[in-house]
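Notes for the structure review
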Amino acid sequence: MEESISTTSRIILAVARPLLIYSSYVCLICGLIGNVLNIIIVGFLKVFRGNPSSFYLIVESFVNCGVLLNAYALRILLSQFNIDFTRNSIILCKILAVEREITVMISLMAICCEALDQFLVTSHDIARRQKITLKLAQRMASINVVVWILHSIPFAIFYEILPLTGCNISNKYFSLYFSVVYLSLLNGFVPLVVVSLVFSAFAYRNVRRIIRRQVPHIRRRFDRQMTAIVFSRVALLVSVSIPFGTYLLYSMNAPGLMGNVVLSAIDQLCSAATSTLFYMNYAGPFYLFLLTSRRFRSQAKHIFTKKFWKNVFCKRRSDMVVPFNPINPMLNVFSQ
């Protein structure tokens, strides 16, 4: 009986560990590339300039890079080289906890702002549409950063290096706040359902009726594209957050599994699967936009084939020095 239990646990761990390792490399590399490409496309194309949702998308892509580096750089070091700096340095433990909380919440609030912005900008009420400006978006982003920096102060205070769990919350009251208020409300129900899902659904409804308004065709196409992008972004957020949030709340409130080898192995497999799925929220937006928006695919192709390729490679060819031909000087004229 004990042999069958140990065999079962070894099989489960043999699936969980490679899943954790390989998914870390894939999500980190593909996520960083995707977010950088998002910044390049949205930042360089004129159609996105001056649009508040585009600004929020750039902010989100920047902080997504921070989330991925925080999560996967440490995971790769631990799984591949058995190095955990957070168990040896209390300063690094606190810094990484604070950075993780700030970047995760800024990214989440940026998505909420995108959904709210698209709801207002596609509204039939002219007064609502006029309120949405790039200057307001910049102010909202600044307030967002300041609020979550202030909110991270308790994380810097109560995160300690514990003997069993490593870098974790040491205060039981703050741990209760973290599980009930932070995870369930601030990082869960309120932004996912009340803000993102509701406003993106209303924006989607508005954009289907946008043809009735006297709006230029180019503006109408752009509003439809941005609404489709934001709606798919919110759908990704909701679909990957629910499994991870459910597992996280269970693991924080469930009794210890150290005595049961099989349940402990199953817990590691669930942790690897749900965390990998969750971090697709930060690694996958660019690839999701490519799949859901034909216009975004055309814009990505344009920015890299027409602008990047011509400005970098074709410019190099035109800047090449052609040697002077003394035998036939007319060739020098045509080579210039």
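Residues numbered from 1 in each chain as written. Predicted model: local features only at pLDDT ≥ 70, side-chain atom pairs only at ≥ 80, totals over all residues. Heavy atoms only, no water.

Per an unreviewed UniProt entry, the protein is named G-protein coupled receptors family 1 profile domain-containing protein, and its organism is Rotaria magnacalcarata. Word for word, the UniProt comment on the protein under Subcellular location (unreviewed entry) is "Membrane". (UniProt positions renumbered as here; feature names shortened; annotations may be inferred.)

Moving on: the environment of R221. With respect to the secondary-structure elements, R221 resides in helix α8 (residues 217-253). Assessed through its relative accessible area of 42%, R221 is described here as partly exposed. Taking C-alpha positions, R221 is 9.2 Å from R295, a pair spaced 74 residues apart along the chain. (Helix = DSSP H or I, 4+ residues; strand = E, 2+ residues; numbered from the N terminus. Buried < 20%, exposed > 50% of the residue type's maximum accessible area, 1.4 Å probe, protein only.)

With that settled, consider the packing of aromatic side chains. Summed over all chains, the structure comprises 17 aromatic pairs. Counting every residue linked through ring pairs, the aromatic cluster contains F155, F158, Y159, F174, Y177, F178 and Y182. (Phe/Tyr/Trp six-rings, centres within 6.5 Å; stacked < 30°, edge-to-face > 60°.)

Another point: the pairing of strand β2 (residues 166-169). Relative to β2, strand β1 (residues 159-162) runs antiparallel, the two being bridged by four bridges. Of the residues in β2, the one forming a bridge with I161 is C167. Taken together, β1 and the strand that follows it, β2, pair antiparallel across an intervening segment of three residues. (Pairing = 2+ DSSP bridges.)

With that settled, the discussion passes to the side chain of T103. The topology assignment puts T103 in helix α3 (residues 90-121). According to the relative accessible area criterion, T103 is buried, its value standing at 9%. Among the polar contacts listed, one links the side chain of T103 to the backbone oxygen of E99, at a separation of 2.8 Å. Within polar-contact distance, the side chain of T103 engages the backbone oxygen of R100 at 3.2 Å. Non-local contacts of T103, meaning those with residues more than four positions away in its chain, are made with V63 and V67. (Polar contact = N/O pair within 3.5 Å; in protein donor to acceptor, adjacent residues only side chain to side chain. Contact = heavy atoms within 4.5 Å.)

The next thing to look at is the pattern of salt bridges. Within the structure shown, the criterion is met by two salt bridges. Residue R233 is joined to E60 by a salt bridge in which the shortest nitrogen-to-oxygen separation is 2.6 Å. Separated by 173 residues along the polypeptide, R233 in helix α8 and E60 in helix α2 (residues 52-81) bring together distant segments of the chain. The exposure class of R233 is buried, given its relative accessible area of 0%. Put simply, K94 and E160 hold a salt bridge, and the shortest N to O gap is 3.4 Å. Placement of the pair is K94 in helix α3 and E160 in strand β1, with a sequence separation of 66 residues. (Salt bridge = Lys/Arg side-chain N within 4 Å of Asp/Glu carboxyl O.)

In this structure, M105, M109, F155, Y159, F178, Y182 and V234 are the most contacted members of the largest nonpolar core, which totals 25 residues. Secondary structure elements with two or more residues in this core: α3, α7 (172-208) and α8. If you tally residues by element for this core, the top one is α3, at 11 residues. (Core = buried A, V, L, I, M, F, W, Y, C linked by side-chain atoms within 4.5 Å.)

In a regular helix each residue adds 1.5 Å, so 32 residues correspond to 46 Å; α3 covers 46 Å between its end C-alpha atoms and thus fits that length. In terms of burial, α3 is largely enclosed, as 25 of its 32 residues are buried. (Expected span 1.5 Å × (residues − 1).)

Looking now at helix α5 (residues 134-151). Residue pairs three or four apart in sequence face the same way in an α-helix, which turns once every 3.6 residues. Counted at 1.5 Å a residue, the expected span for α5 with its 18 residues is 26 Å, and the 26 Å between its end C-alpha atoms agrees. Residues of α5 that are buried: A137, A141, N144, W148 and H151. Projected down its long axis, α5 carries its buried residues within an arc of 95°, all on one side. Of the exposed residues in α5, those oriented more than 90 degrees away from the buried face are K135, R139 and L150. (Arc of directions from axis to C-beta.)

Put simply, α3 and α5 touch, their axes get as near as 9 Å, and they point 145° apart. In the packing of α3 onto α5, the handedness of the crossing is right-handed. Between α3, through E101, I102, M105, I106, M109, A110 and C113, and α5, the contact on the second element is made entirely by M140, N144, V145, W148, I149 and H151. A per-class count over the contact of α3 with α5 returns 10 nonpolar, two polar and one charged. (Axes fitted to C-alpha atoms, helices over the stretch in contact; angles between N-to-C directions. Left-handed = near helix turned anticlockwise from the far one by under 90°. Nonpolar A, V, L, I, M, F, W, Y, C, P; charged D, E, K, R; others polar.)

Turning our eyes to something else, we now look at the UniProt feature "transmembrane region" (unreviewed entry) in the protein. UniProt's entry tags residues 20-45, 57-78, 141-162, 174-207, 228-252 and 272-291 with the feature "transmembrane region" (unreviewed entry), counted in the numbering of this structure. Overall, residues 20-45 shows 96% helix and 0% strand. The separation of its end C-alpha atoms is 37 Å. The span residues 141-162 is 77% helical and 18% strand by assignment, and the distance between its end C-alpha atoms comes to 35 Å.

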